[in-house]
Amino acid sequence: MEIFLDTANIEEIRKGVDWGIVDGVTTNPTLVSKENAIFEERIKEICEVVQGPVSAEVVSTKYEGMVKEAEALAKLSEFVVVKIPLIPDGIKAIKTLSKKGIQTNATLVFSPLQALLAAKAGATYVSPFIGRMDDIGNTGMTIVGEIMEIFDNYGYNTKVIVASVRHPQHVLEAGLIGAHVVTMPFDVLEKMFKHPMTDIGLERFLQDWKKYQDYMANKK
Ligand code: E4P
């Protein structure tokens with residue numbers, strides 16, 4: 001599984017990359033707006049730190065505007081993946097960008113059929129928003145399995161990014177389904193390390209080692 005961080009916060013990204021387990025980053029206008037940074041500069045900075053796919057989103061809703069923004073974003077770094085919303089103009093833009101060799105991430109995906117359209121247009125990634133579906137009483141993860149099955153049936157290369165992740169259970173479920181990528185907030189990644197039995201076990205090992213060292217010291 002590839003692990004992406006869903007944040008525009010550079011400290012969080014540095015920490016995750018330093019652990020050696022972060023493959024990429026996804027951002028969106030909401031996440032960038034929290035950072036009080038200049039958008040293009042922050043995307044460049046993230047790309048330098050991650051050295052892997054970094055999604056940056058367009059804000060135009062019309063085909064021409066999306067393609068123009070996408071071309072400018074792609075010039076920032078070879079690692080930029082342009083995030084495009086799943087609307088008809090977005091699908092048309094994905095098709096054009098894929099022909100130009102610009103990587104894309106179809107975002108705001110809430111159904112397997114939307115994902116199918118993105119794959120047909122040549123999207124590099126498709127991002128089903130699991131948590132937001134759970135929020136309205138659906139089981140978001142169901143569509144991840146359906147998307148994987150459809151892509152497998154037709155041999156699409158588009159990778160599935162499980163997005164809008166709220167807790168480690170989402171990561172576990174995505175892993176059991178075999179989703180290619182999970183993008184998660186930093187706190188979810190931190191929680192994945194944690195288990196009380198690990199802390200208890202480590203404390204006991206260290207106490208016993210201390211006892212052993214005291215015993216050996218007294219023996220001399
Ligand atoms: C995905 O790429 C989005 O940035 C993100 O996962 C949205 O998540 P949210 O529902 O927590 O805003």
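To start, this report covers the structure provided alongside it. Keep in mind that this is a model prediction, so the values were computed, not measured. (Residues numbered from 1 in each chain as written. Predicted model: local features only at pLDDT ≥ 70, side-chain atom pairs only at ≥ 80, totals over all residues. Heavy atoms only, no water.)

Side note on the overall build of the protein chain
Operational definition: A run of H or I in DSSP counts as a helix once it spans at least four residues, and a run of E counts as a strand once it spans at least two, with each numbered from the N terminus. Only protein chains enter the accessibility calculation, which uses a 1.4 Å probe. A residue is then buried if its area is under 20% of the maximum for its type, exposed if over 50%, and partly exposed in between. Residue contacts follow a heavy-atom distance rule, with two residues in contact if any of their heavy atoms lie within 4.5 Å. Each accessible area is a Shrake-Rupley estimate made with a 1.4 Å probe; only the visible protein chains count as cover when residues are assessed. By the counting scheme adopted, Arg and Lys are positive, Glu and Asp are negative, and His together with the chain ends is not counted. Taken as the charge centre is NZ of Lys, CZ of Arg, CG of Asp or CD of Glu, depending on the residue.
Each helix and strand in the protein chain was counted, giving 11 helices and eight strands. Considering only C-alpha atoms, the protein chain reaches an extent of 80 × 35 × 30 Å along its principal axes. Looking at the protein chain as a whole, 45% of its 220 residues qualify as buried. For the protein chain, restricting intrachain contacts to residue pairs at least 6 apart in sequence, the fraction spanning at least 24 positions comes to 57%. Accessible surface for the protein chain amounts to roughly 11900 Å². Of this, 55% is attributable to carbon and sulfur atoms. Distance from the positive charge centre (24 side chains) to the negative charge centre (29 side chains) of the protein chain: 2 Å.

Section: the sheet that holds strand S4 (residues 80-85)
What counts is decided by this rule: We treat two strands as partners when DSSP finds at least two bridges between them. Only C-alpha atoms enter the line fits that serve as axes; for helices the fit covers just the stretch in contact. Angles between N-to-C directions range over 0 to 180 degrees.
Taking strand neighbours around the barrel as the criterion, the eight strands line up as S1-S2-S3-S4-S5-S6-S7-S8 in a closed arrangement whose pairing is parallel. Strand-to-strand twist of the sheet, defined as the mean angle between neighbouring strand axes without regard to direction, takes the value 30°. Here strand S3 (residues 54-57) pairs with S4 via four bridges, running parallel. Bridge pairing links Ala 56 to Val 82 in S4. Across the face of the sheet, helix H3 (residues 39-50) comes into contact with strand S2 (24-26), S3 and S4 while running at roughly 170° to S3.

Observations concerning the environment of Gly 131
Within the secondary structure, Gly 131 sits in helix H7 (residues 130-135). What makes Gly 131 buried here is its relative accessible area of 0%. Each C-alpha atom of the pair Gly 131 and Ala 74 lies 28 Å from the other, and the pair is 57 residues apart in sequence. Setting aside residues no more than four positions away along its own chain, Gly 131 makes contact with Ala 163, Ser 164, Arg 166 and His 170.

Focus: the site of the ligand
Heads up, the rule is: When we say a residue is near a molecule or strand, we mean one of its heavy atoms is within 4 Å of it. Here a polar contact means two N or O atoms within 3.5 Å. Within protein one must be a hydrogen donor candidate and the other an acceptor candidate, and residues neighboring in sequence count only if both atoms are side-chain atoms.
Inspection of the region around the ligand gives Asp 6, Thr 26, Asn 28, Lys 83, Phe 129, Arg 132, Ala 163, Ser 164 and Arg 166 as its neighbouring residues. Measuring from an oxygen atom of the ligand, one finds a side-chain N or O atom of Asp 6 at 2.6 Å. In this structure, Arg 132 approaches the ligand through a side-chain N or O atom, which is 2.7 Å from an oxygen atom. Calculation on the ligand without its partners gives an accessible area of 340 Å², and the protein chains cover 84% of this total.

With respect to the packing of helix H5 (residues 88-99) against helix H6 (residues 112-121)
Short version of the rule: Oblique is the label for any angle not under 35 degrees, not over 145, and not in the 65 to 115 range, which are roughly parallel, roughly antiparallel and roughly perpendicular in turn. Whether a crossing is left-handed or right-handed is set by the direction in which the near helix is turned from the far one by less than a right angle, anticlockwise for left-handed and clockwise for right-handed. Residues are grouped as follows: Ala, Val, Leu, Ile, Met, Phe, Trp, Tyr, Cys and Pro are nonpolar; Asp, Glu, Lys and Arg are charged; all remaining types, including Gly, are polar.
Taken N-terminus to C-terminus, the directions of H5 and H6 make an angle of 30°; their axes are 8 Å apart at the nearest point. Viewed along their axes, H5 and H6 adopt a mutual orientation that is roughly parallel. Where H5 crosses over H6, the two elements pack in a sense that is right-handed. Contacts between H5 and H6 pair Ile 91, Ile 94, Lys 95 and Ser 98 from the former with Leu 117, Ala 118, Lys 120 and Ala 121 from the latter. The class makeup of the residues in the contact of H5 with H6 is five nonpolar, one polar and two charged.

Some details on the nonpolar core
What counts, and what does not: In this description, a nonpolar core means a group of buried Ala, Val, Leu, Ile, Met, Phe, Trp, Tyr and Cys residues linked to one another through side-chain atoms lying within 4.5 Å.
The biggest cluster of nonpolar side chains holds 59 residues, and the ones touching the most others in it are Val 126, Val 162 and Met 184. Beyond its immediate sequence surroundings of up to four residues, Val 162 is in contact with Pro 128, Ile 130, Met 141, Val 144, Ala 174, Ala 179, Val 181, Val 182 and Thr 183. Formed by five residues, the second largest nonpolar core is a distinct cluster that contains Phe 4, Val 81, Ile 161 and Val 181.

Things to note about the side chain of Thr 183
If you trace the backbone, Thr 183 turns up in strand S8 (residues 181-184). Here the side chain of Thr 183 touches Asp 6 through a polar contact of 3.4 Å, landing on its backbone nitrogen. Looking at Thr 183, its side chain comes within polar contact range of the side chain of Thr 26, at 2.6 Å. In this structure Thr 183 touches Phe 4, Leu 5, Asp 6, Thr 26, Ile 161, Val 162, Ala 163 and Val 165, once residues within four positions along its chain are discounted.

Here's the deal with H5
Test applied: A helix is expected to span 1.5 Å multiplied by its residue count minus one.
Given a rise of 1.5 Å per residue, 12 residues ought to cover 16 Å, and the 17 Å separating the end C-alpha atoms of H5 matches this to within 8%. On its buried face, H5 sits against helix H4 (63-76), S4, strand S5 (104-109) and H6. Of the residues one or two after H5, Gly 101 is the one with positive phi, at around 80°.

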